[in-house]
Amino acid sequence: MSPLVSFSLLLFVSAFFYYCIAVPVVPLLESGENSQAPKSRTNVFDNSKYGILQLDNGLARTPQMGWNSWNFFACDINEKVIKETGEWRIVLNSSIDTEIKKFLWDCGGQVPRHAHMALPLHLMMLADALISTGLADLGYVYVNIDDCWSSKLRNSKGELVPNRRTFPSGIKALADYIHERGLKLGIYSDAGIFTCQVRPGSLYHETQDATTFAFWGVDYLKYDNCYNLGIKPQKRYPPMRDALNATGRTIFYSLCEWGVDDPALWAGGVGNSWRTTDDIADSWISVTTIADLNDKWAAYAGPGGWNDPDMLEVGNGGMTYQEYRSHFSIWALMKLTHCTLTALGAMSRAHPLPHHLDVGAAAVLATVCGIGLGRLEAPLLVGCDVRKMTAETLEILSNREVIDVNQDSLGVQGRKVSTAGSSGCSQVWAGPLSGERLVVALWNRCDNSTAITVEWDTIGLENATAVSIRDLWQHQDLSENSVSSFSATVQSHACEMYIFSPSSVSYTMIEQV
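Just so we're clear, the structure is a prediction, and the values are computed from it rather than from any experiment.

### Looking at the environment of Asp 219
Within the element layout of this structure, Asp 219 appears in the loop between α9 (206-216) and β4 (220-224). Residue class for Asp 219 comes out buried when judged on its relative accessible area of 8%. Placed 78 residues apart in sequence, Asp 219 and Val 141 show a C-alpha to C-alpha distance of 9.8 Å. If near-sequence neighbours (up to four positions away) are discounted, Asp 219 is found in contact with Tyr 142, His 179, Lys 184, Leu 185, Arg 249, Thr 250, Ile 251 and Phe 252. A polar side-chain atom of Asp 219 sits 2.7 Å from a polar atom in the side chain of Arg 249.

As structure tokens, then:
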């Protein structure tokens, strides 16, 4: 997280690069074996910029997922919270026994207002059985401690040490606790002399700190950008990469450089993910601004290295249901890597549980603020108070089909492909998926409902191509033979999301808007 005083400057810098740097033309569709691209252009599926890595650490083949402490707890963090979070993750990522199913049915198929008070003790008694179901098959593996975990001074040997009051058992014992439950522990430091909350940073201590992290059993490092002495990030971030690799322990390296020096252009050889923007806020203007800023770097993300536009704010209370659904949809389409769900449950309206979920899974999800979606590996770093969760928030976060888009094996970031209306507020976003499919999002950022149309040539299809269309929010097949274009009326600030499956493969190139 960057200091607030830098916000205006960073917005100016981000805006400057957004409008002043040419964006490379990138293909939208995967090439079929017999497809013919215009010879005057590059191959239809040129992925030469996706995930160009030199780390060779075998991580981030798909975006990471887990939990992060900052957005809800900030500096009020301690080992008890981390341990309890680990236990909740066990509940999340487990098969559900018949007693929980019965609990939900007794509630008439809906989660009661005080379900979070009724179930936790029961669920914790199930922990041992739930562990045996195999967390390796699930995606929620990282339990990440953000800033404020350490003491304000290093010890006499110059080593980082945890705050004795909040982490009395030490980080190694905490890591052991987390690992015993099939999870991984993440920690935070800074590529400066101090962290953003003025704890010791790792600048000039890279080897020592990386060795400490590895000894403790840390699996993930978020590396911030505060108090950096004005040294270019291209010089400050590689030493920690080298130090982590030298430990012999596989540690996910997440750069939090705020996008100041366009890390998408250089961080592929440094980290597994890189922040492309300043901190997100729980507001519509923040979501739309960050989506646009991150969009320009779509060609530079992919398996091994991911753009990070900061965390999801779904359920934090600052936006409407439709705005949160748009936020989740666009973040999923963009294959974004650092999605944190904060303060879930702040939304007030009651909503039935999603009909497509197993009732037992739904009960646990609604109770413990998680998703528990089998083998899906959605890039969600959950950061909520697990005592609070609404069914509306659950409906957004537990959409299997949207998460499938995010975790599609092709690993290509979707992007904005057309705009219309006042100030370009009527938008089409799209991206290629495996199996020669497309994801298409109709995003209405206007103040009124409007009809949004996607033309086939906008998404790289020949006009005569017949397309099957599936609605990912209604979970319905809409058409089997649409041709030329598709239209839908979209509510203000809403986003409708679809899978397009062409009946034949005949592609053209498109340009990013």
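### Let's talk about the state of the cysteines
Following the criterion strictly, the structure yields three disulfides and no others. Sulfur-sulfur distance for the disulfide between Cys 75 and Cys 148 comes to 1.7 Å. Linking Cys 75 in the loop between α2 (70-73) and α3 (79-92) with Cys 148 in the loop between β2 (142-144) and α8 (171-180), this pair joins segments that are 73 residues apart in sequence. Across the disulfide from Cys 196 sits Cys 226; the S-S distance is 1.9 Å. In this structure the cystine formed by Cys 196 and Cys 226 twists about its S-S bond by roughly 90°; its chirality is therefore right-handed. Of this pair, Cys 196 sits in the loop between β3 (184-190) and α9 while Cys 226 is found in the loop between β4 and α10 (233-236), placing the two residues 30 residues apart along the sequence. On the basis of relative accessibility, which here comes to 12%, the residue Cys 196 falls in the buried class. No disulfide involves Cys 256; its sulfur sits 7.1 Å from the nearest other cysteine sulfur, which is in Cys 196.

### Notes on the pattern of salt bridges
Scanning the entire structure with this criterion turns up 14 salt bridges. When the shortest N-O distance is used, the salt bridge between Lys 232 and Asp 261 registers 3.0 Å. In this pair, Lys 232 is assigned in the loop between β4 and α10 and Asp 261 in the loop between β5 (252-255) and β6 (273-275), connecting sequence segments 29 residues apart. The partner of Asp 292 in a salt bridge is Lys 416, and the shortest N-O contact between them spans 2.9 Å. Here the residue Asp 292 occupies a position in helix α12 (residues 284-295), and Lys 416 occupies one in strand β9 (residues 415-420), the gap between them amounting to 124 residues.

Each value, and the rule that gives it
- Residues numbered from 1 in each chain as written.
- Predicted model: local features only at pLDDT ≥ 70, side-chain atom pairs only at ≥ 80, totals over all residues.
- Heavy atoms only, no water.
- Helix = DSSP H or I, 4+ residues; strand = E, 2+ residues; numbered from the N terminus.
- Buried < 20%, exposed > 50% of the residue type's maximum accessible area, 1.4 Å probe, protein only.
- Contact = heavy atoms within 4.5 Å.
- Polar contact = N/O pair within 3.5 Å; in protein donor to acceptor, adjacent residues only side chain to side chain.
- Disulfide = S-S within 2.5 Å.
- Salt bridge = Lys/Arg side-chain N within 4 Å of Asp/Glu carboxyl O.

Remember that the coordinates give geometry; whether it matters functionally is a separate question.
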